[in-house]
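# Notes for the structure review
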Amino acid sequence: MTGRWQMLAALTLCVAIFSANWTVLTAAQEVIITDLALTPMSAVWLIYAFPIALLGVLIPVKGRLSVLLCGLAVFGLASAACAFAVHGGMLIACRFGQGLAAAIVLRAGFELIRTHFRGTRWWPALVIPVVAVVLGQIAGPVIGGILAEYAGFRWIFLLDVPLVIGAMVIVALCTPRFAPAAAADRYER
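Definitions and cut-offs
Starting from 1, residues in each chain are numbered consecutively following that chain's sequence as written. Where local features are concerned, this predicted model is filtered to residues with pLDDT of at least 70; where side-chain atom pairs are given and counted, the filter is 80 or more; whole-chain, interface and lining totals use all residues. Neither water nor hydrogens contribute to the side-chain values; these are computed over all heavy atoms in the structure. Each patch groups residues whose relative accessible area exceeds 30% and which form no salt bridge, using 9 Å between like charges and 5 Å between nonpolar side chains of Val, Leu, Ile, Met, Phe, Trp and Tyr. Computed with the Shrake-Rupley method and a 1.4 Å probe, the accessible areas treat only the protein chains shown as cover for residues. Within this document, salt bridges are pairs made up of a side-chain nitrogen of Lys or Arg and a carboxyl oxygen of Asp or Glu, the two lying within 4 Å of each other. Under the scheme used here, helices are H or I runs from DSSP no shorter than 4 residues and strands are E runs no shorter than 2 residues, and both carry numbers assigned from the N terminus. Per-residue accessibility, obtained with a 1.4 Å probe over protein chains only, is compared with the maximum for each type, and a residue is labelled buried under 20%, exposed over 50%, and partly exposed between these values. Think of a nonpolar core as a cluster: buried Ala, Val, Leu, Ile, Met, Phe, Trp, Tyr and Cys residues, connected wherever their side-chain atoms sit within 4.5 Å. For every residue, the pLDDT score states the predictor's confidence, bounded by 0 at the bottom and 100 at the top. The criterion used for residue contact is that any of the two residues' heavy atoms lie within 4.5 Å. A pair of aromatic rings is counted whenever rings of Phe, Tyr or Trp (Trp by its six-membered ring) have centres within 6.5 Å, and the orientation is called stacked for planes under 30 degrees apart, edge-to-face for over 60 and tilted otherwise. Definitions used for this entry: grid spacing 1 Å over protein atoms alone; cavity, a set of points where a 1.4 Å probe fits but cannot get out; pocket, an open set with protein on both sides within 12 Å along at least 5 of 7 lines; lining residue, one with an atom within 4 Å of a point. Grid points are joined across faces, edges and corners, and a volume is the space filled by probe spheres set on the points. Residues are grouped as follows: nonpolar covers Ala, Val, Leu, Ile, Met, Phe, Trp, Tyr, Cys and Pro; charged covers Asp, Glu, Lys and Arg; every other residue, Gly included, is treated as polar.

### Looking at a nonpolar patch on the surface
A surface patch of nonpolar side chains, about 870 Å² in accessible area, is lined by Met 41, Val 44, Trp 45, Tyr 48, Ile 52, Leu 55, Ile 59, Phe 96 and Leu 100. When contributions to the nonpolar patch are tallied by element, the ones reaching two or more residues are helix H3 (40–53) and helix H5 (88–116). Take Trp 45: it is sitting in helix H3. With relative accessibility at 43%, the residue Trp 45 sits in the partly exposed group.

### A look at the nonpolar core
Of all hydrophobic cores here, the largest spans 28 residues; its most connected members are Phe 18, Leu 68, Leu 72, Phe 75, Ile 113 and Val 171. One finds Val 24, Ile 32, Leu 46 and Cys 94 within the second-largest nonpolar core, a separate group that totals 20 residues.

### Considering the confidence of the model for the protein chain
For the protein chain, the average pLDDT comes to 87, and 93% of its residues sit at 70 or higher. Low pLDDT, under 50, characterises residues 183–189; the predicted model gives this stretch 8 contacts beyond four residues in sequence or across chains.

### A few points about the pattern of salt bridges
The final tally for this structure, using the stated rule, is 3 salt bridges. Arg 64 is paired through a salt bridge with Glu 111; the nearest N and O atoms lie 3.8 Å apart. Linking Arg 64 in helix H4 (residues 64–83) with Glu 111 in helix H5, this pair joins segments that are 47 residues apart in sequence. The exposure class assigned to Arg 64 is partly exposed, which follows from its relative accessible area of 32%.

### A look at the packing of aromatic side chains
This structure, assessed with the given rule, holds 3 aromatic pairs. Ring centres of Phe 50 and Phe 75 lie 6.5 Å apart, and the angle between their planes is 75°; this geometry places the pair in the edge-to-face category. Linking Phe 50 in helix H3 with Phe 75 in helix H4, this pair joins segments that are 25 residues apart in sequence. On the basis of relative accessible area, Phe 75 is assigned to the buried category, the value being 0%. One aromatic cluster in this structure is built from Phe 18, Phe 50 and Phe 75.

### What to know about the layout of surface pockets
Approximately 320 Å³ is the volume found for the largest pocket. Lining the largest pocket are 17 residues, and of these Val 15, Leu 106, Pro 129, Val 130 and Val 133 lie nearest its centre. Looking at the lining of the largest pocket, the elements with two or more residues in it are helix H1 (3–23), H5 and helix H6 (122–150). Per element, the largest residue contribution to the lining of the largest pocket is 6 residues, and it comes from H1. Of the residues assigned to the lining of the largest pocket, the class counts are 14 nonpolar, 3 polar and no charged. In this structure, the second largest pocket occupies an estimated 200 Å³ of space.

### Concerning the environment of Val 24
Tracing the backbone through its elements, the reader meets Val 24 in the loop between H1 and helix H2 (25–36). Residue Val 24 is classed as buried on the basis of its relative accessible area of 5%. For the pair formed by Val 24 and Ile 143, sequence separation is 119 residues and the distance between their alpha carbons is 6.6 Å. Every residue in contact with Val 24, bar those within four places of it in the chain, is listed here: Gly 140, Pro 141, Ile 143, Gly 144 and Ile 156.

This is the structure we're talking about:
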């Protein structure tokens, strides 16, 4: 496995974390509504703040690896802040922060994939993270339901912190520092 495939695996882990976070509150919503005394409108915002903020993926990024690592750090901090939210407004704002940080990481990751996978290798490299999105969407409600039922909804967000730290380490170690030369890429086929 070359450096770029290890990088792709690390970015796929990030995508899986973000994808599960998109749907994780679906099963835990009732517990959160009760614990934080949310209004029906706040409950709607709680669910949709994350995917709305994902529109930040349209933000252009430079310094791909450094931006990606900063985005992961912000996502981890926003997750910790979600865990310690004292009222619904704070939780919704932190969920929005999670979504925006995820969008920045996704955009930077997309650019890294585009840089390191050229020619015919570009599209197959995108399929792997897409599969992680689907699996994360399925796993999110299951994880959220189990954690909310047996540990409390705050553990949904606390679980993100070590996962994000692990993803940061793996991304930092596995991402090649230089893009492959075009000529070398031609002969690799």
